Amino acid sequence: MNYSANFADINMSVFRFKRFAVDQAGCAMKINTDGVLLGAMATSPSPGRVLDIGTGTGVIALMLAQRFPEAVVDAIEIDALAASVARKNFESSIFAARTTAYAVALEDFEPTQPYDLMVSNPPYFLYSLKNPDLRKQLARHTDMAFFSDLLDRSARWLSPGGSLQLILPVPLAEQVKQKAVKEFQLVLQGERNIHSFESAPAIRRVLAVGKAPYEAMWDQPDFVIYENKGVYSRAYHRLLEDFFLTR
């Protein structure tokens, strides 16, 4: 059974999933593997309120709305055009009543209630040469000040049993983990390494921190994307079978 997800074709305007479609025209950052992995891996016992930070096309928010049918999902995006695209994707979905997109920067957003789950596939090109396209700069580049702000707000916005979950390159995930624990007194709830191939070093890590520990919710093995070159692993198929169309 093959899945019709092909992230190499980033110029595809409308990306169709089993229960929703994502129009990504005009978005500086297209749907990518990191985003869908976080959307499928992020976990919480029964979140009532979810926040997706830097939602882009809105794909992670829609995946979480599908996975958690009782949850209200808010999504914020600093790029006004991307926020408009996400809003249209939400409104055209069957989850329209439970999803809301806000065109606002993290530092300007003020929630009215705590969140049980906060997620982000954030910019992670720290201190690198900036893309000349301003909108792509916003989508792709950041510095540690962003993560300090994110952790500070998570410490204030999370419910007592809530969780902030991020997908990051491994070295950056380690930095963010140390900052979360040492500077913001958050608890490491779990982490899961992601490998392109079983024999290759980890390229990403899903990191979960919060105010209180989870009970074995993250006791999972490392995740491998490919079985062979161009062939997705069984774990990848199982993780995403509820989302991707088959052919």
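Everything that follows concerns the structure shown earlier in this document.
In what follows, the accompanying structure is described.

### Re the overall build of the protein
Along the protein, the regular secondary structure elements total 7 helices and 14 strands. Looking at the protein residue by residue over its 247 residues, the buried ones come to 53%. The long-range fraction of contacts in the protein, counting pairs at least 24 apart against all pairs at least 6 apart in sequence, stands at 70%. Summed over its atoms, the accessible surface of the protein is roughly 11,600 Å², and 52% of this surface lies on carbon and sulfur atoms.

### Let's talk about helix H1 (residues 33-41)
Buried residues dominate H1, accounting for 8 of its 9 residues. All of the buried residues in H1 are Asp34, Gly35, Val36, Leu37, Leu38, Gly39, Ala40 and Met41. Structurally, the start of H1 carries an N-cap: the backbone nitrogen of Asp34 is 3.2 Å from a side-chain oxygen of Asn32.

### Thoughts on the pattern of salt bridges
Evaluated as defined, the whole model comprises 9 salt bridges. Ionic pairing is found between Asp149 and Arg153, a salt bridge with its closest N-O pair at 2.7 Å. Note that Asp149 and Arg153 are positioned in helix H5 (residues 144-157) at a spacing of 4 residues, about one turn of the helix. Look at Arg153 and you get buried, because its relative accessible area is 10%. A salt bridge links Lys177 to Glu174, with the nearest nitrogen and oxygen atoms 3.3 Å apart. Placement of the pair is Lys177 and Glu174 together in helix H6 (residues 170-184), with a separation of 3 residues, close to one helical turn. Judged by relative accessible area, which is 11%, Lys177 ranks as buried. Sharing partners across several salt bridges, the network here consists of Glu174, Lys177, Glu191 and Arg205.

### Remarks on the sheet that holds strand S3 (residues 49-53)
Sheet architecture is open: 8 strands sit in the order S5-S4-S3-S6-S9-S11-S10-S12, paired in mixed fashion. Bordering the open sheet on either side are strand S5 (99-103) and strand S12 (223-224), each of which pairs with just one other strand. In the sheet, strand S10 (residues 187-195) pairs with strand S11 (residues 202-210) via 8 bridges, with the strands oriented antiparallel. By the bridge assignment, Asn193 is partnered in S11 with Arg205. The sheet contacts of helix H3 (residues 80-91) involve strand S4 (72-77) and S5, and relative to S5 the element is tilted by about 165°.

### Comments concerning unusual backbone geometry
Working note: non-glycine residues mostly have negative phi, and peptide bonds are mostly trans. The phi angle at Gln185 is positive, at roughly 55°, despite the residue not being glycine. Along the polypeptide, Gln185 turns up in the loop between H6 and S10. Given a relative accessible area of 58%, Gln185 falls into the exposed group.

### Remarks on H6
The end-to-end C-alpha distance of H6 is 20 Å, a good match for the 21 Å that 15 residues give at a rise of 1.5 Å each. The complete set of buried residues in H6 reads Val170, Leu172, Ala173, Val176, Lys177, Lys179, Ala180 and Phe184. Trailing H6 by a residue or two, Gln185 shows a phi angle of about 55°, which is positive.

### A look at the nonpolar core
Formed by 40 residues in total, the largest nonpolar core has its most connected members in Phe17, Phe20, Val59 and Leu240. Elements with a minimum of two residues in this core: H1, helix H2 (59-67), S4, H3, strand S6 (115-120) and helix H7 (234-240). Broken down by element, the residue count for this core peaks at 7 residues, all from H2. The contact partners of Val59, leaving out residues within four places of it in the chain, are Phe17, Phe20, Val22, Ile31 and Val36.

### Considerations on the packing of aromatic side chains
Counted according to the given criterion, the structure contains 12 aromatic pairs. Arranged with centres 5.0 Å apart and planes meeting at 40°, the rings of Phe15 and Phe17 form a pair that is tilted. In this structure Phe15 comes out as buried when scored by relative accessible area, which is 4%. Centre to centre, the rings of Phe20 and Phe95 are 6.4 Å apart; their planes meet at 65°, and the pair counts as edge-to-face. A residue pair is termed long-range when its members are at least 10 positions apart, and Phe20 in the loop between strand S1 (14-16) and strand S2 (21-23) and Phe95 in the loop between H3 and S5 qualify at 75 residues. Across the pair, Phe95 and Phe20 agree in class, each one buried. Among the aromatic side chains, those forming a connected cluster through ring pairs are Phe15, Phe17, Phe20, Phe95, Phe197, Tyr226, Tyr232, Tyr236 and Phe244. Seen from the ring of Tyr115, Arg49 lies directly overhead, with NZ or CZ sitting 4.4 Å from the centre.

Parameters at a glance
Residues numbered from 1 in each chain as written. Predicted model: local features only at pLDDT ≥ 70, side-chain atom pairs only at ≥ 80, totals over all residues. Heavy atoms only, no water. Helix = DSSP H or I, 4+ residues; strand = E, 2+ residues; numbered from the N terminus. Buried < 20%, exposed > 50% of the residue type's maximum accessible area, 1.4 Å probe, protein only. Contact = heavy atoms within 4.5 Å. Areas by Shrake-Rupley, 256 points an atom, 1.4 Å probe, with all protein chains shown as cover. Polar contact = N/O pair within 3.5 Å; in protein donor to acceptor, adjacent residues only side chain to side chain. Salt bridge = Lys/Arg side-chain N within 4 Å of Asp/Glu carboxyl O. Pairing = 2+ DSSP bridges. Axes fitted to C-alpha atoms, helices over the stretch in contact; angles between N-to-C directions. Expected span 1.5 Å × (residues − 1). Core = buried A, V, L, I, M, F, W, Y, C linked by side-chain atoms within 4.5 Å. Phe/Tyr/Trp six-rings, centres within 6.5 Å; stacked < 30°, edge-to-face > 60°. Lys NZ or Arg CZ within 6 Å of the ring centre and 35° of its normal.

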